[in-house]
Amino acid sequence: MDLNSVLKDPVTDPAADAFVLFSQELPSQLSLGFIDARTPSIEVTVAGRDLTIHHSRGLLSSDRKGGTTGAVVWKVTPLFAEWVASQNFLSAAGYISSDAVVLELGAGVSGIVAVTLAPLVHKYIATDQDYVLRILKQNIAENLPVKRPSARGASKSKRSTPVSQHTPASVETLELDWEVDSVSSLPSRTGVGNGFDLIIACDCVYNEALIEPLNSTCAQVCKLRSDSHGKPTLCLVAQQLRSYDVFETWLESFDGLFHVWQVPPKLLTQELDENSGFVVHVGMVR
């Protein structure tokens, strides 16, 4: 896929691009952008499906040294999941298809992107630190789409059964800490022989300390795919615009490792387009 023909001009001046984005009239986000976490679970509708998502307000407000941002659902997540699962340039180019393998970094507890996109791809691997995996696994197990029994089984029961129980697992959860874990073992740990088609990082950019580990991990994962494969791994980063300084630092770092394009508003849904306070970038490793 020629990203220049689809996404037009790549990022050439990260500082200028950051200035333009933050010159927009951005919506006020008193909660920093997380969905109401006062209750143990929330109801969201994504791609026509009603999901019940468990999260942990207590964990968010804890003093865990490694951070707790993965403990709740952030507003960009269902909006991004809705868009990425729609017919778009990624599906047209085969990056989202029945043959595609997708790796998500910093999935958090929600599993919303995983359960929305997994039915459309061959394999989906959601990763994060150990502290979120229990609730992440619960949300994935409870919200994966259901599948009708075969004709042979229909005579015994008309009830639908969870995909996760009666089909090859299309969603796998895996512990991965950007600051300490090596990605070199990912192919053997996930059974993926020739790298990944798509890397997703949805609202993972919060503070400057994690920018280099995140971007470095993205680049290393992209390089797992051999040149002989023909189709390079793409890195897709969606985020809410919060801090100008943090965003500019992230974009400059990302641009140092990747050829970068901002997804034009016309290619996104209305909820993610210009002045929404959200932005999506695509990277191809240098």
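Residues numbered from 1 in each chain as written. Predicted model: local features only at pLDDT ≥ 70, side-chain atom pairs only at ≥ 80, totals over all residues. Heavy atoms only, no water.

- In the nomenclature of an unreviewed UniProt entry, the protein is known as Diaminohydroxyphosphoribosylamino-pyrimidine deaminase of Sporormia fimetaria CBS 119925.

**Quick notes on the overall build of the protein**
And step 1. The secondary structure content of the protein amounts to twelve helices and eleven strands.
And step 2. Here the protein, with 286 residues, has 50% of them falling under the buried criterion.
And step 3. Sequence separation of at least 24 residues holds for 72% of the intrachain contacts in the protein that already meet a minimum separation of 6.
And step 4. Total accessible area on the protein stands at roughly 13400 Å², and carbon and sulfur atoms take up 50% of it. (Helix = DSSP H or I, 4+ residues; strand = E, 2+ residues; numbered from the N terminus. Buried < 20%, exposed > 50% of the residue type's maximum accessible area, 1.4 Å probe, protein only. Contact = heavy atoms within 4.5 Å. Areas by Shrake-Rupley, 256 points an atom, 1.4 Å probe, with all protein chains shown as cover.)

**Digging into the sheet that holds strand 10 (residues 258–262)**
Backbone hydrogen bonds are what pair the strands of a sheet, in a parallel or an antiparallel way.
And step 1. In spatial order, the strands read 7-4-3-8-9-11-10; together these seven strands make up an open sheet with mixed pairing. Of all strands in the sheet, those bounded by a partner on one side alone are strand 7 (171–175) and strand 10. Between one strand axis and the next, the sheet turns by 20 degrees as a mean value, whatever way the strands run.
And step 2. Pairing of strand 3 (residues 101–105) with strand 8 (residues 198–202) involves four bridges; the strand directions are parallel. Note on strand 8: the bridge partner recorded for Val102 is Leu198.
And step 3. Against the sheet, helix 7 (residues 130–143) touches strand 4 (123–128) and strand 7, its axis set at about 170 degrees to strand 7. (Pairing = 2+ DSSP bridges. Axes fitted to C-alpha atoms, helices over the stretch in contact; angles between N-to-C directions.)

**A few points about the side chain of Lys123**
And step 1. Along the chain, the position of Lys123 falls in strand 4.
And step 2. Exposure remark for Lys123: the relative accessible area of 17% places this residue in the buried category.
And step 3. One polar contact links Lys123 to Glu172, side chain to side chain, over a distance of 3.4 Å.
And step 4. Setting aside chain neighbours within four positions, we find Lys123 in contact with Ala100, Val101, Val102, Ser170, Glu172, Thr190 and Gly191. (Polar contact = N/O pair within 3.5 Å; in protein donor to acceptor, adjacent residues only side chain to side chain.)

**Quick notes on helix 12 (residues 244–257)**
And step 1. Along its 14 residues, helix 12 runs 20 Å from first to last C-alpha, staying within 8% of the 20 Å computed at 1.5 Å per residue.
And step 2. Among the residues of helix 12, those classed as buried are Val246, Phe247, Glu248, Trp250, Leu251, Ser253, Phe254 and Asp255.
And step 3. Check the buried side of helix 12 and you find it contacts helix 2 (14–22), helix 11 (211–222), strand 9 (234–240), strand 10 and strand 11 (278–285). (Expected span 1.5 Å × (residues − 1).)

**Topic: the nonpolar core**
And step 1. By size, the foremost hydrophobic cluster in this structure holds 52 residues, and its most contacted members are Phe80, Trp83, Leu90, Leu117, Tyr124, Ile200 and Leu236.
And step 2. When residues in this core are grouped by element, the largest group, six residues, is from helix 7.
And step 3. Trp178, Cys204, Leu241 and Phe254 belong to the second-largest nonpolar core, a separate cluster that totals 36 residues. (Core = buried A, V, L, I, M, F, W, Y, C linked by side-chain atoms within 4.5 Å.)

**Description of the packing of helix 2 against helix 12**
And step 1. Two numbers describe how helix 2 lies on helix 12: the axes approach to 9 Å, and their chain directions differ by 145 degrees. In this structure, helix 2 crosses over helix 12, and the sense of that crossing is right-handed. Facing Pro14, Ala15, Asp17, Ala18, Phe19, Leu21 and Phe22 of helix 2, the residues of helix 12 in contact are Tyr244, Phe247, Glu248, Leu251, Glu252 and Asp255.
And step 2. When the residues that make up the contact of helix 2 with helix 12 are grouped by side-chain class, the tally is nine nonpolar, no polar and four charged. (Left-handed = near helix turned anticlockwise from the far one by under 90°. Nonpolar A, V, L, I, M, F, W, Y, C, P; charged D, E, K, R; others polar.)

**Quick notes on the side chain of Ser170**
And step 1. The topology assignment puts Ser170 in the loop between helix 9 (163–166) and strand 7.
And step 2. Residue class for Ser170 comes out buried when judged on its relative accessible area of 15%.
And step 3. Among all residues touching Ser170, those that are not within four sequence positions of it are Ala118, His122, Lys123 and Tyr124.

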